[in-house]
Amino acid sequence: MKFSFTKSTKGVFAALLVAGAVTTAPAQAALIDQWEYEVDSGFASFDPAQGPGHTYGVVGSNNNAELGLPTVLKWGLPSTQPNANPGQQQSGLSVTSHVSSPPAPILNTNGPAENGAVLTHDNFTLAQTGDSLTDAVLMSQLKLYAFPPGNDGSPPR
């Protein structure tokens, strides 16, 4: 097949070549050096869960709104020995995401570490007959947003 160009098609072809060269130029993204961030955490699983055979097993509560996972685990039958556990409290784990409420904190690229989630263990004397936590899986979700909003070219949130 042979192509031939007339005077009018040569101008159109040259214009297309220039347009193609302009549209294929490499894009350069702006450096984002500050971020707003959110952290949500919860316990994805834990054992032994309370139920048949585990009357005093682990109970999850206070579900995280974003993940739908419990943020508090409690277990065990409090000890009845004198002065062993005066408040008759269960042992437990809790995770708090201090950074999930507005205003969102700022994270600096290559800056110092920032707070995420805080894990707390409450240890109380338990009766020998109660169950104890044997394992748990903690899930944390991190969301990053360019700061100031729209700094990455996306619409502000």
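See above for the structure.
Worth saying up front: this structure is predicted, and the values here are computed from it rather than measured. Position labels on residues start from 1 in each chain and follow its written sequence. pLDDT decides what is reported in this predicted model: residues at 70 or higher carry local features, side-chain atom pairs at 80 or more are listed and counted, and totals for whole chains, interfaces and linings draw on all residues regardless. Based on all heavy atoms of the structure, the side-chain values leave hydrogens and waters out of the count.

Draft legend 1. Local environment of the side chain of Asp131. Tracing the chain through its elements places Asp131 in the loop between strand 6 (118-122) and strand 7 (135-146). Relative accessible area decides the class of each residue, using a 1.4 Å probe on protein chains only: under 20% of the type maximum gives buried, over 50% gives exposed, and in between gives partly exposed. Neither His nor the chain termini are counted; the positive set is Lys and Arg, and the negative set is Asp and Glu. For salt bridges, the criterion is a side-chain nitrogen of Lys or Arg within 4 Å of an Asp or Glu carboxyl oxygen. Buried and without a salt bridge, Asp131 has Lys74 as its closest oppositely charged side chain, separated by 16 Å. One polar contact links Asp131 to His54, side chain to side chain, over a distance of 3.0 Å. Secondary structure elements are defined from DSSP: runs of H or I of at least 4 residues count as helices, runs of E of at least 2 residues count as strands, and each element is numbered from the N terminus. We define a polar contact as two N or O atoms separated by no more than 3.5 Å, with the added condition that, inside protein, one atom must be a possible hydrogen donor and the other a possible acceptor, whereas residues neighbouring each other in sequence contribute only through side-chain atom pairs.

Draft legend 2. Examining the pairing of strand 1 (residues 34-47) more closely. As defined by bridge partners, strand 1 adjoins strand 5 (residues 106-108) across 3 bridges and the pair is classed as antiparallel. Residue pairing across strands places Trp35 opposite Leu107, the latter belonging to strand 5. One bridge is not enough; two strands pair if DSSP finds at least two bridges between them. Alignment of strand 1 against strand 7, held across 12 bridges, turns out to be antiparallel. Bridge assignment links Asp47 to a residue of strand 7, and that residue is Asp135.

Draft legend 3. Summary view of the sheet that holds strand 5. Strand order in the open sheet formed by 3 strands is 5-1-7, and the pairing between neighbours is antiparallel. The open sheet is flanked by strand 5 and strand 7, the only strands paired with a single partner. Direction aside, neighbouring strands of the sheet carry axes that sit 45° apart on average. In this analysis an axis means a line fitted to C-alpha atoms, helices contributing only their contacting stretch, and an angle means the value between N-to-C directions, from 0 to 180 degrees.

Draft legend 4. Focus on unusual backbone geometry. In this structure, the amide linkage connecting Asp47 to the following residue, Pro48, adopts the cis form with an omega of -10°. Mapping Pro48 onto the fold places it in the loop between strand 1 and strand 2 (59-63). Positive phi, normally seen in glycine, also occurs at Asn62, with a value near 55°. Residue position: Asn62 is located in strand 2.

Draft legend 5. How the structure looks around the side chain of Thr71. Along the chain, Thr71 falls in strand 3 (residues 70-75). For Thr71, the side chain forms a polar contact with the main-chain oxygen of Asn62, separated by 2.6 Å. Setting aside residues up to four positions removed in sequence, Thr71 forms contacts with Ser41, Phe43, Ser61, Asn62, Asn64, Leu93, Ser94 and Val95. Here, two residues are considered to be in contact whenever any of their heavy atoms come within 4.5 Å of each other.

Draft legend 6. Just the sheet that holds strand 2, in detail. With antiparallel pairing, 4 strands are arranged side by side in an open sheet as 2-3-4-6. Of all strands in the sheet, those bounded by a partner on one side alone are strand 2 and strand 6. If you compare each strand with its neighbour and ignore which way they point, the axes differ by 15° on average. Here strand 4 (residues 91-96) pairs with strand 6 via 5 bridges, running antiparallel.

Draft legend 7. View of the pairing of strand 3. Most of strand 3 is tucked away, with 5 of its 6 residues classed as buried. Adjacent in sequence and paired antiparallel, strand 2 and strand 3 are bridged by 6 residues, among which Gly68 carries a positive phi angle near 70°.

Draft legend 8. Representation of the environment of Gly130 in the model. Its location among the elements puts Gly130 in the loop between strand 6 and strand 7. In sequence terms Gly130 and Thr55 are 75 residues apart; their C-alpha atoms lie 7.8 Å from each other. Those residues within four positions of Gly130 in sequence are excluded, and the remaining contacts are Tyr56 and Leu77.

Draft legend 9. Structural context of the nonpolar core. Formed by Phe43, Phe46, Val58, Leu73, Trp75, Leu93, Val95 and Leu126, the largest nonpolar core amounts to 8 residues. Contributing elements (two or more residues each) for this core: strand 1, strand 3 and strand 4. Put simply, a nonpolar core is a bunch of buried Ala, Val, Leu, Ile, Met, Phe, Trp, Tyr and Cys residues held in one set by side-chain atoms that sit within 4.5 Å of each other.

These figures come from the coordinates and say nothing about function on their own.
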